[in-house]
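Structure assessment
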Amino acid sequence: MRETALGIIFFLFILCFIAIVIEETFLGGRKKRRLLREAREKQHSSSN
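Residues numbered from 1 in each chain as written. Predicted model: local features only at pLDDT ≥ 70, side-chain atom pairs only at ≥ 80, totals over all residues. Heavy atoms only, no water.

Things to note about the overall build of the protein chain
Helix and strand content of the protein chain: one helix and zero strands. Viewed in the frame of its principal axes, the protein chain has a C-alpha envelope of about 65 × 15 × 5 Å. Counting over 48 residues, the protein chain shows a buried share of 4%. Total accessible area on the protein chain stands at roughly 4,900 Å², and carbon and sulfur atoms take up 70% of it. Distance between charge centroids for the protein chain: 5 Å, based on 9 positive and 5 negative side chains. (Helix = DSSP H or I, 4+ residues; strand = E, 2+ residues; numbered from the N terminus. Buried < 20%, exposed > 50% of the residue type's maximum accessible area, 1.4 Å probe, protein only. Areas by Shrake-Rupley, 256 points an atom, 1.4 Å probe, with all protein chains shown as cover. Lys, Arg positive; Asp, Glu negative; His and termini not counted. Charge placed at Lys NZ, Arg CZ, Asp CG, Glu CD.)

Side note on the pattern of salt bridges
Per the stated rule, a full pass over the model turns up one salt bridge. R34 is the salt-bridge partner of E38, the closest N and O atoms lying 3.6 Å from each other. Of this pair, E38 and R34 both sit in helix α1 (residues 2-47), separated by four residues, roughly a single helical turn. Residue classification places R34 among the partly exposed residues on the basis of a relative accessible area of 40%. (Salt bridge = Lys/Arg side-chain N within 4 Å of Asp/Glu carboxyl O.)

A short note on the environment of S45
With respect to the secondary-structure elements, S45 resides in helix α1. For the pair S45 and F11, spaced 34 residues apart in sequence, the C-alpha separation works out to 49 Å. Engagement of the side chain of S45 in a polar contact is seen with the backbone oxygen of K42, the distance being 3.0 Å. (Polar contact = N/O pair within 3.5 Å; in protein donor to acceptor, adjacent residues only side chain to side chain.)

Looking at a nonpolar patch on the surface
Residues F10, F13, I14, F17, I18, V21, I22, F26 and L27 make up a contiguous nonpolar surface patch of about 920 Å² in total accessible area. Mapped onto the secondary structure, I14 falls in helix α1. (Patch = residues over 30% accessible without salt bridge, like charges linked within 9 Å, V, L, I, M, F, W, Y side chains within 5 Å.)

This is the structure we're talking about:
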């Protein structure tokens, strides 16, 4: 019984980890890069 519960918890943990990695690489990463580029452009234009 305890081993089954631990297995389910471990499986859910792995599933969440994979979901976070996929979200970061495909969705969050792209958004973050765009925001960094825009911030860099604003900083560059304000310094001139």
